[in-house]
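One-letter residues, chain by chain:
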Amino acid sequence: MEKKTILEELLLKKSQQKKKISPINYKKRLFVLTKASLSYYEYDKGKKGSKRGSIEIEKIRCVETVNLEESTPPARQYPFQIVYKGGLLYVYATNEESRERWLAALHKEIKDNSDLLNKYHKGFFINGKFLCCNQTCKAAPGCTIWEKFVTLCCTTESVKPLPPFPQTLQKHRSLPQVLSSDKSVLNMAVAQCNYEPKGNSAIQLVRNNKYYVLQEEDSDWWKVRDLEGNEGFIPSAYLRKLSLDDDEPSWYAGNISRARSEQLLRQKGKEGAFVVRNSSQAGMYTVSVFSKVPESKKGTVKHYHVHKTPENKYYLSEKYCFESIPKLIHYHQHNSAGMVTRLRHAVSTQVNKVPSTASLGNGIWELKREEIVLLRELGSGQFGVVHLGKWKGQYDVAIKMIKEGAMSEDEFIEEAQTMMKLNHPKLVRLYGVCSKSYPIYLVTEYMPNGCLLSYLRSHGKELQPLQLLEICYDVCDAMAFLESCQFIHRDLAARNCLIDSNLTVKISDFGMTRYVLDDLYTSSLGSKFPLKWSAPEVFHYTKFSSKSDVWAFGILMWEVFTLGKQPYELYDNIQVIEKVSQGYRLYRPQLASDIIYQIMYNCWHELPEKRPAFYQLLSFFEALREDNRA
């Protein structure tokens, strides 16, 4: 029995150009909408012909208008698009009323679909790219917020089930309500729809109101504060992050430290290279700029605090005040106005990362291999070749292709979900695996500046001791987190740390040595075993712990302050076992102060219980950073 027709009309359909060389053509088709599908048929001399295509309603992810192309003829003035799993269909209505009728009918039928998009492409996909954003993958995520998504997802008739509220958040008590004096939108979000609180830990959302985002460690629930000072947890799907002028500029570097900003700008080395960063004073901002001044061969980096007038206007020099930071920056890009140089080159720390609130596999650790494209080889590691890749044509990821026989696969796959949950800003994120066929893929965060060891050897001479301290702090911060999770790294070394676009150092390959099947790597006498980073209890008894990680961290500190030298470079593995067992320790690097060397040396106590814990080491580093903070 034929299903009841909701809407039926003769419309113009654009060819789908499944091949780039296919010519574009437009054909009249009879479109028929039912509860189950949207189908289209040949239509000739007032008669319905054979079916030419059909889309299941449950597979539709977005229905929206499309921006007109240039020189569009009258017959194609009212286009709309149907985005569905596996394809994209462009249709032209005869007039605005007809288009609105189809949009309303389709929106009503798809409102309960589980996989609607929150962004869409407002331009056509023509000749292999989207006209709106130039992305070349037809399945690439949208570039424009789909406003209708909010209405569909948040209406009372169709409220989607909320994610489970984490137990840790349920027990959380709100902090005292202290409002920041800075109303910048750098850490704000706008409510996409109304939300009534469920329980004591949540607050009310009012659509289009703005909220400070205080905490977003949990991808499903964010802690926010409204403009009246009330705090609580909100489902992240109900919010959209804002930034400066709601379009985060390339020059904004966020929480990058003073030392790291200097490192970044010196590496760029161009007159007027600059970033804007969060100041050490809460709620304030600093403009850091590089200049090739005559008195210094290496150039200098100047730091200018952004001040505010009582009328909430921003300035670097009181003569020139502006309503927003972007307007201030725009002015100083053309006028030095008291600065060492005008702001000539914005140094970006942004890459096409997977957002922290998104999961590659929607929370599922097994990813679809067909959604990942390999671009170029980055290098090779213990388990196989590493490639730079794209996920869904948009996000940069690193893909480790595990060669057969390199690891204990079953054990690793079993543990992969646990490792994915170890989420910390100084750990390289594991997004998921492709384990259904060979080679197995490990899909991780992409780190554009590569391996720490290589970076130290190629850029080390540009680094100041304060910047070397910052590197050690980053690693210690991550290790303190792993220690708190009772997770042991087992192979901590500069070669297993990677560097982000903003020069943050992150730990990689944590816990991976447990799955190595190479006898030379797992044997303490093997040539591949990381013995020169190993504590005595590891090479004598294969006893790993957080304390053996502390020993390895001391060796990593030594690598950092020698700019990438090989530890115990004059000795082989057998000699190192003998020398270390007799009490021999590495010498103080020239760039390390007595205090820094004392921290290293404390990591190398013979007895593990006498070694400090990572959280103790972290407090030492924080004190040293505080002494040097501007």
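You'll find the structure just up there.
Residues numbered from 1 in each chain as written. Predicted model: local features only at pLDDT ≥ 70, side-chain atom pairs only at ≥ 80, totals over all residues. Heavy atoms only, no water.

## Quick notes on the overall build of the protein chain
Condition: Helix numbers and strand numbers start at the N terminus; a helix is a DSSP run of H or I with at least 4 residues, a strand a run of E with at least 2. Note on definitions: a residue-residue contact is assigned when non-hydrogen atoms from the two residues lie within 4.5 Å. Each accessible area is a Shrake-Rupley estimate made with a 1.4 Å probe; only the visible protein chains count as cover when residues are assessed.
Counting its regular elements, the protein chain contains 14 helices and 30 strands. For the protein chain, long-range pairs separated by at least 24 residues make up 58% of all intrachain contacts whose partners lie at least 6 apart in sequence. Of the roughly 31,400 Å² of accessible surface on the protein chain, 48% is carried by carbon and sulfur atoms.

## Focus on helix 12 (residues 573-581)
Under the convention used in this document: Each residue is placed in one exposure class: buried if its accessible area under a 1.4 Å probe, protein chains only, is under 20% of its type's maximum, exposed if it is over 50%, and partly exposed if it falls in between. What the arc covers is the set of directions going from the helix axis to the C-beta atoms. In the analysis that follows, any N or O atom pair within 3.5 Å is treated as a polar contact, provided that within protein one partner can donate a hydrogen and the other can accept it, and provided that, for residues neighboring in sequence, both atoms belong to side chains.
Listed in full, the buried residues belonging to helix 12 are Asn573, Val576, Ile577 and Val580. What you see down the axis of helix 12 is that its buried residues fit within an arc of 100°, all on one side. In this structure Asp572 caps helix 12, since a side-chain oxygen of it lies 3.2 Å from the backbone nitrogen of Ile574. The positive-phi residue at the C-terminal boundary of helix 12 is Gly583, with phi of around 100°.

## Points about the sheet that holds strand 2 (residues 26-34)
Basically, it comes down to this: When DSSP finds two or more bridges between a pair of strands, those strands are recorded as paired. Whenever a helix is involved, its axis is fitted only over the stretch in contact; in every case the axis is a line through C-alpha atoms, and angles between N-to-C directions fall within 0 to 180 degrees.
Spatially, 7 strands are ordered 4-3-2-1-7-6-5 in an open sheet, and the strand pairing comes out antiparallel. In the strand order of this sheet, the two ends are held by strand 4 (47-56) and strand 5 (60-65), each with one partner. Neighbour-to-neighbour, the strand axes of the sheet open up by a mean angle of 35°, direction not taken into account. In the sheet, strand 5 pairs with strand 6 (residues 79-84) via 5 bridges, with the strands oriented antiparallel. Opposite Thr65, over in strand 6, you have Phe80 as the bridge partner. The sheet strands contacting helix 1 (residues 96-110) are strand 1 (5-14), strand 2, strand 3 (37-44), strand 5 and strand 6, and the helix crosses strand 1 at an angle near 120°.

## Quick word on the nonpolar core
Here is the rule: Buried Ala, Val, Leu, Ile, Met, Phe, Trp, Tyr and Cys residues form a nonpolar core when they are joined through side-chain atoms within 4.5 Å.
Grouped together as the largest cluster of nonpolar side chains are 79 residues, with contacts concentrated most on Phe553 and Phe621. No other element matches the 12 residues that helix 8 (residues 465-484) contributes to this core. Here Phe553 is in contact with Cys472, Val475, Cys476, Leu492, Cys603, Phe614, Leu617 and Phe621, once residues within four sequence places are set aside.

## A short note on helix 4 (residues 258-268)
Taken residue by residue, helix 4 has Ala259, Arg260, Ser261, Glu262, Gln263, Leu264 and Leu265 as its buried positions. One or two steps after helix 4, the chain reaches Gly269, where phi turns positive at roughly 70°.

## Some thoughts on the sheet that holds strand 24 (residues 372-380)
Strand order across the open sheet formed by 5 strands is 24-25-26-28-27, with antiparallel pairing between neighbours. Here the strands that pair on one side only, and so sit at the sheet edges, are strand 24 and strand 27 (430-434). Pairwise comparison of adjacent strand axes, ignoring direction, gives a mean angle of 30° for this sheet. Bridge count between strand 25 (residues 384-391) and strand 26 (residues 395-402): 8 bridges; the pairing is antiparallel. Following the sheet pairing, Trp391 is matched in strand 26 by Tyr395.

## Some thoughts on the packing of aromatic side chains
Just so we agree on the cut-off: Only rings of Phe, Tyr and Trp enter the pairing, Trp through its six-membered ring, and a pair is recorded when the two centres are within 6.5 Å. The plane angle decides the type: under 30 degrees is stacked, over 60 is edge-to-face, the rest tilted. Placement of a charge over a ring requires the Lys NZ or Arg CZ to be within 6 Å of the ring centre, with the centre-to-atom vector within 35 degrees of the ring normal.
A complete count under the given rule lists 15 aromatic pairs for this structure. Consider the rings of Phe553 and Phe621, whose centres lie 6.0 Å apart with planes at 90°: the pair is edge-to-face. With Phe553 in helix 11 (residues 546-561) and Phe621 in helix 14 (residues 614-628), this residue pair connects regions lying 68 residues apart in the sequence. On the accessibility criterion, Phe621 (0% relative accessible area) is buried. Their ring planes at 85° and their centres at 6.0 Å tell us that Tyr571 and Tyr584 sit as a pair that is edge-to-face. One end of the pair, Tyr571, is in the loop between helix 11 and helix 12; the other, Tyr584, is in the loop between helix 12 and helix 13 (594-602), and 13 residues separate them in sequence. Here the aromatic cluster, defined as three or more aromatic residues joined through ring pairs, consists of Tyr26, Tyr90, Tyr92 and Phe124. The side chain of Arg76 reaches across the aromatic face of Tyr26, ending 3.8 Å from its centre.

## Re the environment of Trp604
Counting through the fold element by element, Trp604 comes out in the loop between helix 13 and helix 14. Judged by its relative accessible area of 2%, Trp604 falls in the buried class. Residues Trp604 and Gly583 lie 21 residues apart in sequence; the distance between their C-alpha atoms is 9.5 Å. Ignoring sequence-local partners within four residues, the contact set of Trp604 consists of Trp551, Gly554, Ile555, Trp558, Arg585, Leu586 and Tyr597. Polar contacts involving the side chain of Trp604 include one to the main-chain carbonyl oxygen of Trp551, which spans 3.4 Å.

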